[in-house]
Amino acid sequence: SEMFYVTRPKVLVFLRDPDQAINASTDILRTLFGFTRTEAEIVINITSGLSVKESAAKQGHSVATARSTLKIIFSKTEVRSQSQLAALVLKTLPF
């Protein structure tokens, strides 16, 4: 009997103009994914290319709070990484 293996991509690369803002409102993300306002703001920041640390500073939160919130976001969206989260948002919303 032959065995076949299905491989999954290991790297995902997005190219976008960093000067072009992500055209997503917190209200749209809240409706689509059931996020709180804070969660939606973090998602926009991450999708825009900010780090968790930069997002936390922008929102006036601690890095620990931002990471905790990001774990909740991952659970709600069933993703495991920031890149998967960005991919989900970018393919879901019309930009």
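Worth saying up front: this structure is predicted, and the values here are computed from it rather than measured.

Engineer: How would you sum up the packing of helix 4 (residues 63–77) against helix 5 (residues 82–92)? Please name residues and give values.
Structural biologist: Close contact between helix 4 and helix 5 brings their axes to 11 Å; oriented N to C, the two are set at 55°. Judged by the inter-axis angle, helix 4 sits oblique to helix 5. Between helix 4 and helix 5 the crossing geometry is left-handed. Touching Leu 70, Ile 73, Phe 74 and Thr 77 of helix 4 are Gln 82, Leu 85 and Leu 88, all from helix 5.

Engineer: Summarise the pattern of salt bridges; cite the residues concerned and give the values.
Structural biologist: Counted under the stated rule, the structure contains two salt bridges. Here Arg 37 ties to Asp 27 by a salt bridge, and the two come within 3.6 Å at their closest N and O atoms. Of this pair, Arg 37 sits in helix 2 (residues 37–47) while Asp 27 is found in helix 1 (residues 26–33), placing the two residues ten residues apart along the sequence. Owing to a relative accessible area of 38%, Arg 37 belongs among the partly exposed residues under this scheme. A salt bridge links Lys 76 to Glu 39, with the nearest nitrogen and oxygen atoms 2.7 Å apart. With Lys 76 in helix 4 and Glu 39 in helix 2, the pair connects residues that are 37 residues apart, well separated along the chain. You can call Lys 76 partly exposed: its relative accessible area is 36%.

Engineer: An account of the packing of aromatic side chains is requested, with residue identities and associated values reported.
Structural biologist: Applying the stated rule across the entire model yields one aromatic pair. Ring centres of Phe 33 and Phe 35 lie 5.2 Å apart, and the angle between their planes is 20°; on these two criteria the pair is classed as stacked. Residue class for Phe 33 comes out buried when judged on its relative accessible area of 18%. Accessibility expressed as a relative area gives 3% for Phe 35, which makes it buried.

Engineer: Help me get a handle on the nonpolar core, residues and values and all.
Structural biologist: Ranked by internal contacts, the top residues of the largest apolar core, which has 20 residues, are Leu 29, Phe 35, Val 43, Leu 70, Ile 73 and Leu 85. If you list the elements that add at least two residues to this core, you get helix 1, helix 2, helix 3 (52–59), helix 4 and helix 5. No other element matches helix 2, which puts five residues into this core. If we ignore the near neighbours within four places in the chain, the residues touching Leu 70 are Ile 42, Ile 46, Val 52, Gln 82 and Leu 85.

Thresholds applied
Residues numbered from 1 in each chain as written. Predicted model: local features only at pLDDT ≥ 70, side-chain atom pairs only at ≥ 80, totals over all residues. Heavy atoms only, no water. Axes fitted to C-alpha atoms, helices over the stretch in contact; angles between N-to-C directions. Helix = DSSP H or I, 4+ residues; strand = E, 2+ residues; numbered from the N terminus. Parallel < 35°, antiparallel > 145°, perpendicular 65-115°, else oblique. Left-handed = near helix turned anticlockwise from the far one by under 90°. Contact = heavy atoms within 4.5 Å. Salt bridge = Lys/Arg side-chain N within 4 Å of Asp/Glu carboxyl O. Buried < 20%, exposed > 50% of the residue type's maximum accessible area, 1.4 Å probe, protein only. Phe/Tyr/Trp six-rings, centres within 6.5 Å; stacked < 30°, edge-to-face > 60°. Core = buried A, V, L, I, M, F, W, Y, C linked by side-chain atoms within 4.5 Å.

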